[in-house]
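# Close look at the chain arrangement
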Amino acid sequence: MFFVETLRLEGLGNRSYLAGGPNAAVVVDPPRDIDQVIAAAARKGVRIAYVAETHVHNDYITGGLELARLTGARYLVPAGASVSYARVPVSDGDIVEVDEHLALRAVATPGHTPHHTSYVLEEDGRGVAVFTGGSLLIGTVGRPDLVEPRLTEQLARAQYESAHRLADELDDEVAVLPTHGFGSFCASSQAQGETTTIGLERKSNEALTKNMDAFVAELLAGLDDIPAYYAQMGPANAAGPAPVDLTPPQPADAEEIAARLAAGEWVVDLRNRIAFAEGHVAGSLNFEVEGQLATYLAWLIPWGKPVTLLAETPEQLADAQRELVRVGIDRPAAAATGDPRSWVREGEQPASFPRARFADLAAARERGEDFVVLDVRRDSERANGAVAGSVHIPIHQLHRRLGEVPSGVVWVHCAGGMRAAIAASLLDASGRKVVAIDDGFTAAADAGLPLIRPDGTA
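Residues numbered from 1 in each chain as written. Predicted model: local features only at pLDDT ≥ 70, side-chain atom pairs only at ≥ 80, totals over all residues. Heavy atoms only, no water.

## Some remarks on helix H11 (residues 314-325)
Residues separated by three or four positions in an α-helix point in the same direction, a consequence of the helix having 3.6 residues per turn. Stated precisely, the cut-off is as follows: Under the scheme used here, helices are H or I runs from DSSP no shorter than 4 residues and strands are E runs no shorter than 2 residues, and both carry numbers assigned from the N terminus. Expected span of a helix, by definition, is 1.5 Å for each gap between consecutive residues, and there is one gap fewer than residues. Exposure is judged per residue with a 1.4 Å probe applied to protein chains only, and the accessible area is read against the type maximum: over 50% gives exposed, under 20% gives buried, and values in between give partly exposed. Between two residues, a contact is recorded if the distance between any of their heavy atoms is within 4.5 Å.
The end-to-end C-alpha separation of H11 is 17 Å, in line with the 16 Å expected for twelve residues at 1.5 Å each. Taken together, the buried positions of H11 are Gln316, Leu317, Ala320, Gln321, Glu323, Leu324 and Val325. Buried residues in H11 make contact with helix H10 (293-300), strand E14 (307-311) and strand E15 (334-337).

## Structural notes on the packing of aromatic side chains
Heads up, the condition is: To pair, rings of Phe, Tyr and Trp, with the six-membered ring standing in for Trp, must have centres within 6.5 Å; the planes then decide the type, stacked if under 30 degrees apart, edge-to-face if over 60, and tilted in the middle. Two conditions define a charge sitting above a ring: the NZ of Lys or the CZ of Arg must be within 6 Å of the ring centre, and it must be within 35 degrees of the ring normal.
Per the counting criterion, the structure on display carries ten aromatic pairs. Between the aromatic rings of Tyr17 and Phe131, the centroid separation amounts to 5.5 Å while the plane-to-plane angle is 50°, which identifies the pairing as tilted. Highlighted residues: Tyr17 in strand E2 (residues 14-20) and Phe131 in strand E10 (residues 126-133), separated in sequence by 114 residues. Exposure class is identical for Tyr17 and Phe131. Each is buried. Relative to Tyr85, the ring of Tyr75 has its centre 5.9 Å away and its plane inclined at 20°; by these criteria the two rings are stacked. Residue Tyr75 is located in strand E5 (residues 74-78), and its partner Tyr85 is located in the loop between E5 and strand E6 (88-90); the two are separated by ten residues in the primary sequence. Comparing Tyr75 with Tyr85, the two get one shared label, buried. Linked through ring pairs, Phe185, Tyr296 and Trp299 together constitute an aromatic cluster. One Lys or Arg, Arg15, reaches over the ring of Phe182 and ends 3.9 Å from the middle of that ring. A cation sits over an aromatic face here: Arg377 above Phe441, 4.0 Å from the ring centre.

## Some thoughts on the environment of Ile48
Of note, Ile48 is situated in strand E4 (residues 47-52). Residue Ile48 is classed as buried on the basis of its relative accessible area, which comes to 6%. In sequence terms Ile48 and Val405 are 357 residues apart; their C-alpha atoms lie 53 Å from each other.

## Considerations on the sheet that holds E10
Where we set the bar: What makes two strands pair is DSSP finding at least two bridges between them. Orientation is described by lines fitted to C-alpha atoms, with helices fitted over the stretch in contact, and by angles between N-to-C directions that extend from 0 to 180 degrees.
The strand order E7-E8-E9-E10-E11 describes an open sheet built from five strands, whose pairing is mixed. Both edges of this open sheet fall to strand E7 (95-99) and strand E11 (175-178), since each of them pairs with a single strand only. Direction aside, neighbouring strands of the sheet carry axes that sit 25° apart on average. Judged from the four bridges that link them, E10 and E11 form a sheet pairing that is parallel. The residue of E11 that forms the bridge with Phe131 is Leu177. Strand contacts of helix H3 (residues 152-169): strand E8 (102-108), strand E9 (117-123) and E10, with the helix running at about 145° to E8, the strand carrying the most contacts.

## Description of the sheet that holds E6
Spatial strand order, E1-E2-E3-E4-E5-E6: six strands in an open sheet with mixed pairing. Pairing within the sheet leaves two strands with one partner each, and these edge strands are strand E1 (3-9) and E6. Taken pair by pair, the neighbouring strands of this sheet meet at an average axis angle of 25°, ignoring direction. On the sheet, helix H1 (residues 35-44) packs against E1, E2, strand E3 (24-28) and E4 and is oriented at approximately 155° with respect to E1.

Geometric descriptors of this kind do not, in isolation, establish any biological role.
Structure (structure tokens):
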């Protein structure tokens, strides 16, 4: 009998897998914080015999090299990947025995990267699951534009062919276990659902239901912005990531927090957006630890800038550290726990700003108040409708374009509230008066606000 245990990395929208038999296992696409992987293997009572990478990752830093070093596992990396460390190069058709009756077979599936490789888990020669990395995802495929712009169309066509190869070679009941596609920007579109099989994908995945030209045209037209920090991930993974240090950072008192802000460093408040709006250190920025902390902080922060973390509890701080090392933000410069009253200097008071709903925005418009509506969603989201008269600056561009926001009180919104909170904190830190709309965008129409499309039509 075999098992597959899924390790969910919700903040990044990824999955890693531990799979094996009674005695030994393989880990596929491990996160950088490998202690959770080792703990999972210990619970199963298995030895980690292999660590397998489907590709050199662009969206997070792998823990594969360190996991293999600590456990003595053989480190399987696609032969075509250019890396600087010793590994077992894997080519199409290579098979390794994981445990008795259980083997792992490599299948070349270029598309997400030129060297991308999927792995079929076989029990007595019969495929039972396929680890597809950034190839065949749930209802979609991995994006082909993360390597080199000149290769994008070529890789999109390779994605189509790779998806068809998997569908042609594997039975309907084979479980499809992708790394990306659960919120990751490595997916070409966001899929619905948690589980799938080859048979289900044959019926629903457009890579398998459309002809190549139609699929490629639609895939290329739908590609969204690439998080800026992705440029750092591939080189770090190719060079060989260092082990992580998750020990608590140096504690910071109110004076040090003020000094770091004055020096232009980023002070990041990890509390939820309601608590932040009610009271925070002036100049600090709000990235909720419960949200997509790693994705958005790594996307917005100038790479290498020191960051100080503010949290309610040591546990919240530890969770944030774990998220951030996955994207290469290794050691906070300092940290503090507690509440804003202990983070501001004597005689100072925490700053605050109001929160609102779209109904409040509609009411303010009815009263004739003077304000600016700022939409921080991505272009693809705004294409489906926007508040008439709103200014559009995507959240990942806002910190560089604050000067473009017109004067006046700024009512800022996104699709649900999390990104609006980040934007509100950026505006507040720059001295602007701001109202954070904490509401789903569907409520805008319900509130009677006029909506338009980019071409100006209602």
